[in-house]
Amino acid sequence: MFKQLAKKEEHGFEWLDLSQPENEELKQIAEKYNLHEASVHDCLQPDHLPKYEAVNGYCFIIFRIYADQQSMEADTVQELTDKIAIFFSDKYIITIHRQEQGFVNSIADLLQTQKLKSTRQLLNILIKYCLQTYDAPSAKLAKDIDYYEECVFLRSRKVPLLKGLYYLRRKIDLVRRMLILSYDIIDNLDTEDEGNVNTRDTRDLYIKLQNVYDSLYDNINQLLNAYFSTSSQRTNEIMRVLTIFSVFFMPLTFIVGIYGMNFKYMPELDWHLGYPAVMLLMVIITIAVFIWFKRKGWL
Amino acid sequence: MFKQLAKKEEHGFEWLDLSQPENEELKQIAEKYNLHEASVHDCLQPDHLPKYEAVNGYCFIIFRIYADQQSMEADTVQELTDKIAIFFSDKYIITIHRQEQGFVNSIADLLQTQKLKSTRQLLNILIKYCLQTYDAPSAKLAKDIDYYEECVFLRSRKVPLLKGLYYLRRKIDLVRRMLILSYDIIDNLDTEDEGNVNTRDTRDLYIKLQNVYDSLYDNINQLLNAYFSTSSQRTNEIMRVLTIFSVFFMPLTFIVGIYGMNFKYMPELDWHLGYPAVMLLMVIITIAVFIWFKRKGWL
Amino acid sequence: MFKQLAKKEEHGFEWLDLSQPENEELKQIAEKYNLHEASVHDCLQPDHLPKYEAVNGYCFIIFRIYADQQSMEADTVQELTDKIAIFFSDKYIITIHRQEQGFVNSIADLLQTQKLKSTRQLLNILIKYCLQTYDAPSAKLAKDIDYYEECVFLRSRKVPLLKGLYYLRRKIDLVRRMLILSYDIIDNLDTEDEGNVNTRDTRDLYIKLQNVYDSLYDNINQLLNAYFSTSSQRTNEIMRVLTIFSVFFMPLTFIVGIYGMNFKYMPELDWHLGYPAVMLLMVIITIAVFIWFKRKGWL
Amino acid sequence: MFKQLAKKEEHGFEWLDLSQPENEELKQIAEKYNLHEASVHDCLQPDHLPKYEAVNGYCFIIFRIYADQQSMEADTVQELTDKIAIFFSDKYIITIHRQEQGFVNSIADLLQTQKLKSTRQLLNILIKYCLQTYDAPSAKLAKDIDYYEECVFLRSRKVPLLKGLYYLRRKIDLVRRMLILSYDIIDNLDTEDEGNVNTRDTRDLYIKLQNVYDSLYDNINQLLNAYFSTSSQRTNEIMRVLTIFSVFFMPLTFIVGIYGMNFKYMPELDWHLGYPAVMLLMVIITIAVFIWFKRKGWL
Amino acid sequence: MFKQLAKKEEHGFEWLDLSQPENEELKQIAEKYNLHEASVHDCLQPDHLPKYEAVNGYCFIIFRIYADQQSMEADTVQELTDKIAIFFSDKYIITIHRQEQGFVNSIADLLQTQKLKSTRQLLNILIKYCLQTYDAPSAKLAKDIDYYEECVFLRSRKVPLLKGLYYLRRKIDLVRRMLILSYDIIDNLDTEDEGNVNTRDTRDLYIKLQNVYDSLYDNINQLLNAYFSTSSQRTNEIMRVLTIFSVFFMPLTFIVGIYGMNFKYMPELDWHLGYPAVMLLMVIITIAVFIWFKRKGWL
């Protein structure tokens, strides 16, 4: 689908928006605007990573924006983010994306009411909207971490959390990586020469997002550690039970073994009270072990 | 409740303070000052996170201040912090909050004695007071960490500390997050253009708080690690007891097993001293094991 | 092999390129251009680390570029990287390398179409191309980490991953080290006095690569930790089985031991229902243990 | 005790030094110099944390200096540090402290020979001396860490180190905290407007101390980890012994159990060589297990 | 031994070099150049840490340079480094050291060919040479780490590595500490006022060394962790064997126990095929356990 969102006569520059572009459409536009073949090729790859490239005559930007509709197990670049490709020069901006992006229309509406001086200004608004798609998920991810944190620390009966923690960590890590790889784009937008208050705002947003996701990443890693630690704490509990049983039964089993020996001359065996005496001995030993354990705090 | 703390005629600007505002009141004010619906809506959400927004004509700030009266298990944004919403322009400041906040009155008193030049100056004082609510708890949290540290390292009998450590960590983490999210507010207050000694002071306080809470966060995380480590050290102790018992009784049980066999031709069984000899053998083995253990340092 | 890629008359400077140089060739050139013996000696060492040296009259640079054709177990400087030595002065650039490097020809082609003002400009392009060899592997290494991450977290049956993780970590660490050691080169290229937009670009690329590899290094280290942690989690599972068996059989073995004793006066032994009664007792004990385990959640 | 260390006529400013001040004395001075009640109150609290406060007319500083005479178990602010309170204006400096501080006299001597231009200069010297009290302990703490490091890594017989490590870590952590909290003081001393070479020196010293204590803190934390790790390595050793014993005796005990069964028709029992044959079998099994263990490297 | 390496008439300043100075010599020079007693005293302490001190009239510097001839177990300041003391003013430089230092002669040679403008320039060269003594060892230490890394990760048969790792870590840590403590010296050499390209070079070298040793320190710490982790992984293996044996033999031992009971009425005992039937039962149990283990992946 093809939309002309800004016209030269009206705004001083053109803005073309293609959503779910077909190859034919793309070729036509590439010819018309003299776009490099390599750039168009990158446009069509659904999992291309963020990129900034200054080709002669125009800039080619690939940005990945957060896609909200993902399942819990989504963990690849393509599942978690949508690609938006931007061709940008003084005279035109072309935006290409697969999914309909709501913010494109919002910006188009904005264009009607507000006069933009240059394509650079429009680009800035676009990138800012793209970045903002990462803002809301951070709060959701923080809540997810809080939930798992509570599970790990407060619930003694462990449900299998490892898988959930893994997917959470992957999501956070992936966003962090997208942000790192998008640095070029932000840095070329907010240069010393052409930056202004608005591009500085975009950079501030970028840095804030980086801080937020870095702190999420720290949190999820510490949570993983805590998960493993509490899980290894259970070994402790199991060892305790094992030890208690061994220490109770080992001496008893030894004693009954003694009187199971077949020596001809074992006076105890012939005693009338031999059997009850041994039973009593074993009760005493059991009580002694019991008291010793109580003192150690193992019971 | 509605209070007019500064009047235009007197101070050059207005300051309205609403505590526990009713919807009606809020609507009236929103109309009068031309406040955006979205801002008013945010005002009413009790768990809204810190935010800075420049709407046309005014700035809208949500700040969360530390609420002192919380229980030990308080660990949500709403339990640990109170929201204060600020509408700010050159001509007026409107502060909205649920709980009565003592510092609002302190600032109002200050206004009587000290002439402020602009709303920006008042805003700075407000934000500084808000930030200062985080100062005292940091000392308390540090003391709590010290207490748990002593428990973990010096007391051999473990009380269940995990829950307490968890809540402590949550509190510190939450404050850290609030501070990160408040960065925008501080940064827009102390800009290069309009900042002065006072706003710089506010920023200094902000940075100091960040450092203090970061260091608290490091401490609590290390403490958690130490807790898990000392807890896994106990396994060591339990293993020792288990091993000692096994090594003592296994050979003995084996020996008594031998003479429990029913072979017809076992000369030892017919010996007159067979029984005491075996008993002696077992005593010797026990002593040997004992000496070996002493040397290993396990007894 | 010896190629003259730029001539003084045409470009204002000379560029000599030697691939797989023989000692004789090298000596001739060293004499002609008055190169220091020590530099030439460094040229011939295949595993020399990155270096920047200002000798009188010229600069001597050793850069190591990523070599793509390595096996999975490649983990030394020589296996993972190729050396490229550069002699550089205002009047000439000499590049020396063992393997044919594709980008040398690309730059030579570029020279035909684009006029370079100075050798410094050419050097910048060279170094940038060299740095770019590290760009593509980072994506591949990230994918490898993702694969191992999935193995560690999601597959319960452990394949031996340690070796693979080790080689992955070594590769990342080695690239990081090469980048650290190359800092001098970048810093002397992009000085305050002689730097320009292009050298700044090179530095930006350098910093981006450093960030990317630092983040990879963090990831692989955390992955290693997770690997060890999941592996120690298995101990937990094994302990559980061991404990279950011990707790089931220890009391049973003790009881059968009792009635294996040879006391003359053991009334139970003469009872007609003694044997089935004991068997019943043991069944009851087994069931009791079973219920207890179910409650503990160990079965 | 009350001393006038500098007089207005002579030095252009006054310096009063009170050591172990009585309430009466303090009140008199507070009145004379118009000091705020809250400041005086803070003066009297022995465990008050470092603080910088600009009251109208003067500055109030609380600094904590390292107290050398502490025992090994000293771990509170009060035990490890002494408080020194400073009131400071253009015209006077008042220093208040409980313990006699040697450096006060040193500075007083200095005043006789060297002309100071302002109280700010004197304040700078005071703070520098205060900071320097933290310098010597850092070397001692580093030595202590080295000693414990050696214990943990090289001595196989573990003495109980945890307590010592705990107190060491507390001391380092406490100094770090004091330094963080003293930042305000240093920052207000060495401002952009009024700083000079000397205040810059003080800041340099402050930063150096921070680096040194940060690195000590890292070291002690890593040492703690190593301590726990070596301690859990012992479990390994204990497990080895336990396993060896079990694997040796379990099959043997089973075999003697077989021939302890009371079946009527067990041909082996009637064999003349049954007993020695079984004994031989058990020797062979023992040797087989022994060889297997040797190969595994467990013996 | 005493050498005059630069004379006032010739170079504009004096340079005295004392190697293995005797007390008498030192005293004479101290008198002649009016050196402070405390400085001379520090000169004589063999384990004095790096230090920069501006005494009136001259600067006193203690630098510690890496000493190459150390054994594997060298881990003290004195074993790993040599002290070099420098007195420095506008008119003279005095260098004092115990061991002959090759680079002193190199610099002396340099002085013959190259005219230095000031003692500061000479000092810069001296310090740079001193710093460079740390450069070569870093590569050697990196190689050592690589070797241990290979041992830890790839060799299943563990040799005792802990001691080696300990000494390696100590060396790296000690150099790091020396560098931290030498910061003052570098910072006072390369000041804003008197620094130039050459002193900046020295600072660059200092920073590079710091980065290199920091990264080495990170590596050795991670290696230590990996060592402990692989070592605790072995526990896993041992547990497996122990569990397998227990699970095999516990049921068997129980069964033979049953038929070792002495009840009068145990029908199985009188059966003709009782004995072989029980043996068969035990074989079946063994096979069942075997299959179960195979499925669990423990065999």
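Residues numbered from 1 in each chain as written. Chains lettered and ligands numbered in written order. Predicted model: local features only at pLDDT ≥ 70, side-chain atom pairs only at ≥ 80, totals over all residues. Heavy atoms only, no water.

Details of the UniProt feature "transmembrane region" (unreviewed entry) in chain A
In the numbering used here, UniProt assigns the "transmembrane region" (unreviewed entry) feature to residues 241-261 and 273-293 of chain A. Annotated as residues 241-261 of chain A, this span is 86% helix and 0% strand, and its ends, taken at the C-alpha atoms, are 31 Å apart. (UniProt positions renumbered as here; feature names shortened; annotations may be inferred. Helix = DSSP H or I, 4+ residues; strand = E, 2+ residues; numbered from the N terminus.)

Regarding the nonpolar core
Note that soluble globular proteins tend to have their nonpolar side chains buried in a common cluster. Counting 326 residues, the largest nonpolar core has W15 of chain A, W15 of chain B, W15 of chain C, W15 of chain D together with W15 of chain E as the members making the most contacts within it. Beyond its immediate stretch of four places on either side in the chain, W15 of chain E contacts K3, Q4, L5, A6, I93, T95, V104, I107, A108, L111, L122 and L126 of chain E. Residues M239 of chain C, M261 of chain D together with V256 and M266 of chain E belong to the second largest nonpolar core, which totals 130 residues. (Core = buried A, V, L, I, M, F, W, Y, C linked by side-chain atoms within 4.5 Å. Buried < 20%, exposed > 50% of the residue type's maximum accessible area, 1.4 Å probe, protein only. Contact = heavy atoms within 4.5 Å.)

A look at the relation of the copies chain D and chain B
Between chain D and chain B, the superposition needs a rotation of 72 degrees and an axial shift of 0.1 Å, giving an RMSD of 0.1 Å. Put plainly, the chains are arranged around a five-fold axis. If distances are taken from each C-alpha of chain D to the rotation axis, the shortest is found for G260 of chain D, at 4.6 Å. The fraction of interface residues of chain D whose copies in chain B are also interface residues is only 17%, indicating that the copies meet through different surfaces. (Least-squares fit on C-alpha atoms with pLDDT ≥ 70 in both.)

Considering the interface of chain C and chain A
Opposite the 43 residues of chain C that make contact, chain A presents 46 residues. Across the interface of chain C and chain A, roughly 4200 Å² is buried in total on both sides, 64% from carbon and sulfur atoms. The salt bridge partner of R177 of chain A is D146 of chain C, with a shortest N-O separation of 3.1 Å. Put simply, chain C and chain A have 17 residue pairs in polar contact (both at pLDDT 80 or more) between them. (Buried area = accessible area lost by both parts, 1.4 Å probe. Salt bridge = Lys/Arg side-chain N within 4 Å of Asp/Glu carboxyl O. Polar contact = N/O pair within 3.5 Å; in protein donor to acceptor, adjacent residues only side chain to side chain.)

Concerning the domain arrangement of chain A
All names here are of chain A. On domain assignment, one finds that chain A holds domain 1 (2-232) and domain 2 (233-296). If you average the C-alpha positions of domain 1 and of domain 2, the two centres end up 70 Å apart. Taken together, the contacts link five residues of domain 1 with four residues of domain 2. In this assembly, domain 1 packs against domain 2 so that about 320 Å² is buried in total across both faces, 40% of it on carbon and sulfur atoms. At the surface where domain 1 touches domain 2, the tally comes to zero salt bridges. For the pair domain 1 and domain 2, the interface holds three residue pairs in polar contact (both at pLDDT 80 or more). For the side of domain 1 that touches domain 2, the class distribution of residues is no nonpolar, four polar and one charged. (Domains from an automatic or database assignment. Nonpolar A, V, L, I, M, F, W, Y, C, P; charged D, E, K, R; others polar.)

As for the interface of chain D and chain B
For interface size, the figure often reported is the accessible area lost on association. Contacts between the two partners involve 46 residues from chain D, matched on the other side by 43 residues from chain B. When the buried area of chain D at its contact with chain B is split by residue, Y166, I238 and Y275 of chain D rank highest and sum to 17% of it. Linking chain D with chain B are five salt bridges, by the criterion used here. Here R169 of chain D ties to E149 of chain B by a salt bridge, and the two come within 3.1 Å at their closest N and O atoms. Linking chain D with chain B are 17 residue pairs in polar contact (both at pLDDT 80 or more), by the criterion used here. Put simply, the parts of the chain that give the side of chain D that touches chain B at least two residues each are α8 (162-181), α9 (183-189), α10 (197-258), α11 (267-270) and α12 (274-296) of chain D.

Overview of the relation of the copies chain C and chain A
Structural alignment of chain C on chain A gives an RMSD of 0.1 Å, achieved by rotating through 72 degrees and translating 0.1 Å along the axis. Looking at chain C, a mere 19% of its interface residues are interface residues in chain A too, so the copies touch through different faces.

Quick word on empty space enclosed by the protein
Residues and elements named next belong to chain E. Under the defined criterion, the tally for this structure stands at ten cavities of 30 Å³ or more. The space that makes up the largest cavity amounts to roughly 60 Å³. Elements supplying a minimum of two residues to the lining of the largest cavity: β4 (58-66), α6 (119-132) and α9 (183-189). The element best represented in the lining of the largest cavity is α9, accounting for three residues. Of the residues assigned to the lining of the largest cavity, the class counts are seven nonpolar, one polar and one charged. (1 Å grid on protein atoms, 1.4 Å probe; cavity = no way out; pocket = protein on both sides within 12 Å on 5 of 7 lines; lining within 4 Å. Points joined across faces, edges and corners; volume = space filled by probe spheres on them.)

Thoughts on the sheet that holds strand β3 (residues 51-55) of chain E
All names here are of chain E. In spatial order, the strands read β1-β2-β6-β5-β4-β3; together these six strands make up an open sheet with mixed pairing. What marks the edges here is a single partner per strand, and that holds for β1 (2-6) and β3. Across this sheet, the average inter-strand angle for adjacent strands is 20 degrees, counted without regard to direction. Where β1 and strand β2 (residues 14-19) come together, four bridges link them in antiparallel fashion. Paired with F2 across the strands is L18, a residue of β2. Strand contacts of α6: β2, β4, β5 (81-88) and β6 (92-97), with the helix running at about 175 degrees to β5, the strand carrying the most contacts. (Pairing = 2+ DSSP bridges. Axes fitted to C-alpha atoms, helices over the stretch in contact; angles between N-to-C directions.)

A short note on the sheet that holds strand β5 (residues 81-88) of chain C
All names here are of chain C. On the basis of which strands lie adjacent, the open sheet formed by six strands has the order β1-β2-β6-β5-β4-β3 and mixed pairing. The open sheet terminates on both sides in strands that have one partner only, identified here as β1 (2-6) and β3 (51-55). Sheet twist, expressed as the average angle between the axes of neighbouring strands with direction ignored, equals 20 degrees. Pairing of strand β4 (residues 58-66) with β5 involves eight bridges; the strand directions are antiparallel. When the sheet's bridge partners are listed, F63 is paired in β5 with I84. Across the sheet, helix α3 (residues 37-44) is in contact with β3, β4, β5 and β6 (92-97); its angle to β5 comes to roughly 160 degrees.

Some words on α8 of chain D
Between the first and last C-alpha of α8 of chain D there are 28 Å, a value that for 20 residues agrees with the 28 Å anticipated at 1.5 Å per step. Among the 20 residues in α8 of chain D, 18 count as buried, and that is most of the element. (Expected span 1.5 Å × (residues − 1).)

Observations regarding unusual backbone geometry
All names here are of chain D. A positive phi angle, close to 45 degrees, is found at Q20, a residue other than glycine. As for its placement among the helices and strands, Q20 is situated in the loop between β2 (14-19) and α2 (23-33). You can call Q20 exposed: its relative accessible area is 56%.

Examining the pairing of β4 of chain C
In terms of burial, β4 of chain C is largely enclosed, as nine of its nine residues are buried. Count of turn residues in the β3 of chain C/β4 of chain C antiparallel hairpin: two residues, of which G57 of chain C carries a positive phi of about 100 degrees.

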